[in-house]
Amino acid sequence: MHELSIAMALYEACKKEPHRPEEFLVEVRVLIGEFAGVQPDLLEFAWKACIRETPDEGATLEIQYEVARQVCDQCGPVGERQPGSWLRLCPHCGCPLRIEGGHELDIIALCFEASEVLARTIPDLDASTCANGEAVRACARIDLRNHPGKRNRHEPS
Amino acid sequence: MNRAEIRKRILAENDECADRLRSQFEDVGSLVLDLVSSPGAGKTTLLEETASRLAAELDMGAIVGDIATEMDAERLRHANLPAHQIITGGACHLDARMIEEGMKHCAFLPVDLLFVENVGNLVCPASYALGEDFKVVLLSVTEGEDKPFKYPAIFSKAKVALITKVDLMPQLSFDLERVEEQIRTLSQDVRIIRVSAWTGEGMEEWCQLLRQERMKKKLATGVH
């Protein structure tokens, strides 16, 4: 239901991760727990909408779904369970079960790739000499719009 | 190619804002509760009744989130509970930045006890920290028995679960034990209270919990 706000927060968080100004996001992997209230298909749809017409358009979103675990303090984790089905008591010793995990809403991997074309067309892109990464990204955006073909390589194969 | 394995919350920015709020609340010793339920479970009515019972003992205030209208804040102010309305304009939950912004308009702060009445929704508010001490989930007896398993996120996160409108039980075939069993399955240490703001059933137990939690916060923060 709130996948769009999650996708927007995700894209903002990705942009804050360290990378050189000429690099674009090509892949992000996220861990979504059963309790996160996030529907993977909707998140993917919202993600595409968020990155549309940005230099990162086409960056793929990999979603790893994590089911919450039920754990007995005496006997350890209860075996595989289906999302939505719960046990109140441990099937072995009858003790009440604890729930572990399920609330994950985390970025677990990111991949940036440098645009060679961009590096050629806009000199001085080296991070050490570039005072304002956002300004360079704005240039990159214009450059990509003028040469839309360059976006293709970011699109999922 | 620059590939990095990291571990970072997607909502890290919200969490940072929530941490700032939490430390502001600690500085003044305010106990802050985030009330979450589906629309119409009785959050506003519960607060009206709570305000009238605790008015002589505690300074209280409320920040209320709704998609549209000031109606809830007006109702609370009418019940002598100072309240600020956040109109989300469509957003289905409150986030920490809305609270931070909203607090600028709360002349009644600081208070001993601040209620955040979230937008009526059992899904999205579960994901957003608002700087609260804990979340309170409300489920009314007219909503159906399987809600805890259908909305496990909020029921596994809330420290207190209030079963509201229990005065209507004679008219319903609502299985209270079954619901409480589901809630306890999702959270071992949840405190469940059956309440009716209409008849007053359970209200004293709820108010007593608020007094105790406020006292704990006062002792923990050293603010009197």
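Up top you'll find the structure we're talking about.
Scope of this entry: the structure provided in the associated data block. (Residues numbered from 1 in each chain as written. Chains lettered and ligands numbered in written order. Predicted model: local features only at pLDDT ≥ 70, side-chain atom pairs only at ≥ 80, totals over all residues.)

This brings us to the overall build of chain B. A tally of helices and strands in chain B yields eight helices and eight strands. Principal-axis analysis of the C-alpha atoms gives chain B an extent of 65 × 45 × 35 Å. Taking all 224 residues of chain B together, the buried fraction comes to 46%. Contacts in chain B between residues at least 24 apart in sequence constitute 75% of all its contacts with a sequence separation of at least 6. (Helix = DSSP H or I, 4+ residues; strand = E, 2+ residues; numbered from the N terminus. Buried ≥ 20, exposed ≤ 12 C-beta atoms within 10 Å, placed from the backbone. Contact = placed C-beta atoms within 7 Å.)

From N to C terminus, chain A includes four helices and six strands. Reading the helices (α) and strands (β) of chain A from amino to carboxyl end gives α-β-α-β-β-β-β-β-α-α. Considering only intrachain contacts with a sequence separation of at least 6, the fraction spanning at least 24 residues in chain A is 72%.

The subject of this paragraph is the interface of chain B and chain A. Contacts between chain B and chain A engage 28 residues on the former and 30 residues on the latter. Going through the elements one at a time, β1 (2-9), α1 (12-28), α6 (152-157) and α7 (176-186) of chain B are the ones with two or more residues in the side of chain B that touches chain A. At eight residues, the largest contribution of residues to the side of chain B that touches chain A is made by β1(B). Residues of the side of chain B that touches chain A, tallied by class, amount to 14 nonpolar, seven polar and seven charged. Here strand β6 (residues 105-114) of chain A runs beside β1(B); their pairing, made up of six bridges, is antiparallel. In the strand pairing of β1(B), A:Cys111 is matched with B:Arg3. (Nonpolar A, V, L, I, M, F, W, Y, C, P; charged D, E, K, R; others polar. Pairing = 2+ DSSP bridges.)

Before going further, it helps to spend a moment on the sheet that holds strand β3 (residues 60-66) of chain B. Residue and element names in this part refer to chain B. Pairing is parallel in the open sheet, where seven strands are placed in the order β4-β3-β5-β2-β6-β7-β8. The two strands at the open ends of the sheet, each matched to only one other strand, are β4 (83-87) and β8 (191-194). When the angles between neighbouring strand axes are averaged without regard to direction, this sheet yields 20°. Pairing analysis gives four bridges linking strand β7 (residues 160-164) to β8, with the strands arranged parallel. Across the sheet, residue isoleucine 163 finds its bridge partner in β8, namely arginine 194. Against the sheet, helix α3 (residues 71-78) contacts β3, β4 and β5 (113-117), and its axis sits at roughly 175° relative to β4. Helix-sheet contacts for α7 involve β6 (134-140), β7 and β8, and the interaxial angle to β7 is about 160°. (Axes fitted to C-alpha atoms, helices over the stretch in contact; angles between N-to-C directions.)

All names here are of chain B. Of the consecutive residues leucine 109 and proline 110, the connecting peptide bond is found in the cis state with omega at 0°. Turning to its location among the elements, proline 110 is positioned in the loop between α4 (96-103) and β5. Positioned with a positive phi, threonine 69 is a non-glycine residue whose angle comes to about 75°. In this structure, asparagine 80 is a non-glycine residue whose phi angle is positive, near 65°. Structurally, asparagine 80 can be placed in the loop between α3 and β4.

Take the nonpolar core next. A:Leu10, B:Ile10, B:Val116, B:Leu130, B:Val137 and B:Ile154 are the most contacted members of the largest nonpolar core, which has 89 residues in total. It is helix α1 (residues 3-16) of chain A that provides the largest number of residues to this core, a total of seven residues. If we ignore the near neighbours within four places in the chain, the residues touching A:Leu10 are A:Val30, A:Trp47, A:Ile107 and B:Ile10. (Core = buried A, V, L, I, M, F, W, Y, C linked by C-beta atoms within 7 Å.)

Another aspect to go through is helix α2 (residues 43-54) of chain B. In this model α2(B) runs 16 Å from its N-terminal to its C-terminal C-alpha over twelve residues, within 8% of the 16 Å that 1.5 Å per residue would give. Looking at α2(B), one finds that the buried residues are B:Lys43, B:Thr44, B:Leu46, B:Leu47, B:Glu49, B:Thr50 and B:Ala51. (Expected span 1.5 Å × (residues − 1).)

Geometric descriptors of this kind do not, in isolation, establish any biological role.
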